[in-house]
Amino acid sequence: VFFFIFLMGMVVLVMGITREKRPKKIESMETISIGDLTQRIEDLHLIHFRREDVDWELAAQNAVIRNGEEDASIQEIDITYITKGGTRVRLLAAKGRYSINKNVFSVEEGGGVNIKVGQGITIKSDNLVWSGDKKEIHSEGKIQVIGEKFILEGEDLVANVEDGAYEINKNIKATVWP
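What counts as what
Residues numbered from 1 in each chain as written. Predicted model: local features only at pLDDT ≥ 70, side-chain atom pairs only at ≥ 80, totals over all residues. Heavy atoms only, no water. Helix = DSSP H or I, 4+ residues; strand = E, 2+ residues; numbered from the N terminus. Buried < 20%, exposed > 50% of the residue type's maximum accessible area, 1.4 Å probe, protein only. Contact = heavy atoms within 4.5 Å. Areas by Shrake-Rupley, 256 points an atom, 1.4 Å probe, with all protein chains shown as cover. Core = buried A, V, L, I, M, F, W, Y, C linked by side-chain atoms within 4.5 Å. Phe/Tyr/Trp six-rings, centres within 6.5 Å; stacked < 30°, edge-to-face > 60°.

Here we look at the overall build of the chain
Each helix and strand counted, the chain has 1 helix and 11 strands in total. Traced from its N-terminal end to its C-terminal end, the chain shows the element sequence α-β-β-β-β-β-β-β-β-β-β-β. Buried positions account for 29% of the 178 residues belonging to the chain. Long-range pairs, those at least 24 residues apart, make up 33% of the contacts in the chain between residues at least 6 apart in sequence. Working note: accessible area of the chain is about 12,200 Å², and carbon and sulfur atoms make up 54% of it.

Here's what the structure looks like:
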């Protein structure tokens, strides 16, 4: 009997000592339900792979997927794509939509988009559609390409990010300084 009581006391003592060292319960994010809002993801970081290599990354402050929709509404977006040649292309916008099934990102008119292409070149647009699968960017409306010693303005951008081919199709105007 004494041995049994001693053994039980040791078990209680060991459990008390190790209690603080146990991993704490991991809290899972709860689904938020406000009206038709069904999912909200905070601090989103989506990585899309091409075989073993990172193809592109999307970081966003948050994403909201409403009931019955396949698109996510995302805020404070930063998409980074690294071409096979090593050029880093970043697409930055305050808000937009990401079609999960089509792998297409879009910013509607007035959304404001900056596309940062290597070596200090920034392309500014009010809207765009970016296809992650095709590596293409399409933007209707006004475009501004800003470099260290030039500004190129025009309308309707079509770009293949992988090839580095960026075309402005209408009303092109260039300002260059020494």
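With respect to the nonpolar core
By size, the foremost hydrophobic cluster in this structure holds 30 residues, and its most contacted members are Ile74, Phe105, Ile115 and Trp130. Elements that contribute at least two residues to this core include exactly strand 2 (53–66), strand 3 (71–82), strand 4 (88–99), strand 5 (104–107), strand 6 (113–117), strand 8 (128–131), strand 9 (136–146) and strand 10 (150–160). Leave out the neighbours within four places in its chain, and Trp130 touches Trp56, Ile79, Leu91, Asn103, Val104, Phe105, Glu136, Ile137 and Val161.

A few points about the packing of aromatic side chains
Applying the stated criterion across every chain yields a total of 2 aromatic pairs. A centroid spacing of 5.2 Å and a plane angle of 85° characterise the contact between Trp56 and Trp130, whose relative ring orientation is edge-to-face. Taken together, the residues Trp56 in strand 2 and Trp130 in strand 8 connect sequence positions 74 residues apart. Members of the aromatic cluster, each reached through a chain of ring pairs, are Trp56, Tyr98 and Trp130.

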